[in-house]
Amino acid sequence: MMINANTLDEETVWRQLVARDRNAEFFYGVSTTGVFCRPGCGSRPPLRENTRFFGTPADARAAGFRACKRCKPEETVRPSAVAQMCAYLERQIDKPVRLATLGKLIGMSPFTAQRVFKQAMGATPSQYQRAIRANALRNQLRDGETNVTTAIYDAGYGSSSRAYEKTPLGMTPGRFLAGGRGEKIGFATAESSDAGPLGWIIVGSTERGVCWLALADSPEAAEASLREEFPAAEIASDPTLQKAVATVLERIAGGGGKQAQNLPLDLRGTAFQLRVWQALQEIPAGETKTYSQLAAEMGMPNSTRAVARACATNRVSVLVPCHRVVGVSGSLTGYRWGVERKRQLLKAEGARR
Ligand SMILES: [Zn+2]
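Values in this document were obtained by computation on a predicted structure and should not be read as measured data.

Visitor: Give me the lowdown on unusual backbone geometry, citing residues and values where you can.
Guide: Generally, phi is negative for residues other than glycine and the peptide bonds are trans, each holding for most cases. One non-glycine residue with positive phi stands out, namely Arg-20, at about 50°. Its location among the elements puts Arg-20 in the loop between helix H1 (10-18) and strand E1 (27-30). With a relative accessible area of 36%, Arg-20 lands in the partly exposed category. Phi is positive for Val-318, which is not a glycine, with a value near 65°. With respect to the helices and strands, Val-318 occurs in the loop between helix H13 (304-312) and strand E10 (325-326).

Here you go:
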């Protein structure tokens, strides 16, 4: 997103300028000195009538301002720049993206774009793009419900909303690229008590929290799903996780909701995925939303398909309740762990559809 002067709310940015808010994402030029700064600059605050606001250093330059030597506005990357580049790469998944394009996107040089990206992500933009592509393909191949879910993935690539670039959120750790290389993941399985269509659940956890929560037909299939998702990780049974499994089962049965809520999660995904998964956690039990409702509530009404794709790539079922998102008119659409299980989970929560 290029913040342009038209979309900046002058009251807000002025307050941020006066407060020297370093995280504010705009630049300001001072007409009396011809210099532009970023918020947080130590120089004397300008008079408001002499101040102009810009979304990027390039805009400020184009308006005839030169960079402040004190705060060096062209060398500082906005906090959301990496998320913004990720979002762009995710949308251009099938096309090579030039560094110059990324640079332009965040108002920096191609070199700076590359450096900042690599620093934050542990991978170059093209490596990142390849990983996303491989991931999406793997998910497609793995998914039994090819019809609906694959269609959702495929469709996601065509999404062209720019809205979701607005908010910086999580960042994809470099380790995401390696399928969990060098990581230890413990797991425990249990059969769900009603032994209905839910079958077996597996909780996989790193030292940071639950990274995999899947439903399967047998304990073997459950373990295999974990190994497939994190092929490079060191995976071992961990009986101490039985408690977490029990908590999840209680949560499914309708009790222990609070406790389950407190299980720490270790979610890995792109900035966009993390945002969607966060929004899913805010849908209360017993309620459902459609993909388009969710997209609209997240402020990106044109990203319905991308939202659906992020739901379909959720790795932590139940706790990140992607089952609470349904199609228009309440149809169940796809579910990574089987539509019948989705139906069962919603029924257990007493959701009306
Ligand atoms: Zn300055």
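Now that the structure has been shown, the text picks up again.
Visitor: Tell me about the sheet that holds strand E5 (residues 184-191), and please be specific about residues and values.
Guide: Within the open sheet, the 4 strands sit side by side as E7-E6-E5-E8. Their pairing is mixed. Of all strands in the sheet, those with a lone pairing partner are strand E7 (210-216) and strand E8 (234-237), marking the two edges. The average undirected angle you get between the axes of adjacent strands in this sheet is 25°. Here helix H9 (residues 242-253) sits on the sheet and contacts E5, strand E6 (200-205) and E7; the angle it forms with E5, its principal contact strand, is near 50°.

Visitor: Provide a residue-level description of the coordination of the zinc ion, including the pertinent values.
Guide: Cys-37 (SG), Cys-41 (SG), Cys-68 (SG) and Cys-71 (SG) make up the full set of protein donors to the zinc ion, lying at 2.3 to 2.4 Å. Around the zinc ion sit 4 donor atoms; with metal-centred angles ranging over 104 to 122°, the donor geometry is tetrahedral. Positions of the donor residues of the zinc ion, expressed as sequence spacing, correspond to C-x3-C-x26-C-x2-C. Of this pair, Cys-37 sits in strand E2 (residues 35-37) while Cys-68 sits in the loop between strand E4 (66-67) and helix H3 (81-91), and the two are 31 residues apart along the sequence. In this structure, Cys-37 and Cys-68 share a single accessibility class: buried.

Visitor: Describe in detail helix H4 (residues 99-106), supporting the description with residues and values.
Guide: For H4, the full list of buried residues reads Leu-102, Gly-103, Leu-105 and Ile-106. Projected down its long axis, H4 shows its buried positions confined to an angular sector of 160°, all on one face.

Visitor: For the side chain of Ser-192, give the residues involved together with the corresponding values.
Guide: With respect to the helices, strands and loops of the structure, Ser-192 is situated in the loop between E5 and E6. Apart from the residues within four sequence positions on either side, Ser-192 is in contact with Leu-198, Gly-199 and Leu-249.

Visitor: Before we move on, could you go through the packing of aromatic side chains and cite the residues and values that matter?
Guide: The relation between two aromatic rings is expressed through the spacing of the ring centres and the mutual angle of the planes. One pass over the structure, following the stated rule, counts 5 aromatic pairs. Each ring, one from Phe-27 and one from Phe-36, has its centre 6.5 Å from the other, and the planes form 80°; the classification is edge-to-face. Residue classification places Phe-27 among the buried positions, given a relative accessible area of 2%. Judged by its relative accessible area of 0%, Phe-36 is buried. Taking 6.2 Å as the distance between ring centres and 65° as the angle between the ring planes, the aromatic pair formed by Trp-212 and Trp-337 counts as edge-to-face. Of this pair, Trp-212 sits in strand E7 while Trp-337 sits in the loop between E10 and helix H14 (339-348), and the two are 125 residues apart along the sequence. Of the two residues, Trp-212 and Trp-337, both sit in the buried class. Put simply, the rings of Trp-212, Tyr-335 and Trp-337 touch in pairs and so form one group of aromatic residues.

So, how was this worked out
- Residues numbered from 1 in each chain as written.
- Predicted model: local features only at pLDDT ≥ 70, side-chain atom pairs only at ≥ 80, totals over all residues.
- Heavy atoms only, no water.
- Helix = DSSP H or I, 4+ residues; strand = E, 2+ residues; numbered from the N terminus.
- Buried < 20%, exposed > 50% of the residue type's maximum accessible area, 1.4 Å probe, protein only.
- Pairing = 2+ DSSP bridges.
- Axes fitted to C-alpha atoms, helices over the stretch in contact; angles between N-to-C directions.
- Contact = heavy atoms within 4.5 Å.
- Donors = N, O, S within 2.8 Å, 3.2 Å for Na, K, Ca; no water.
- Tetrahedral: all angles 85-135°; square planar, octahedral: opposite > 155°, others 65-115°.
- Arc of directions from axis to C-beta.
- Phe/Tyr/Trp six-rings, centres within 6.5 Å; stacked < 30°, edge-to-face > 60°.

Note that all results are geometric; they support no functional claim without further evidence.
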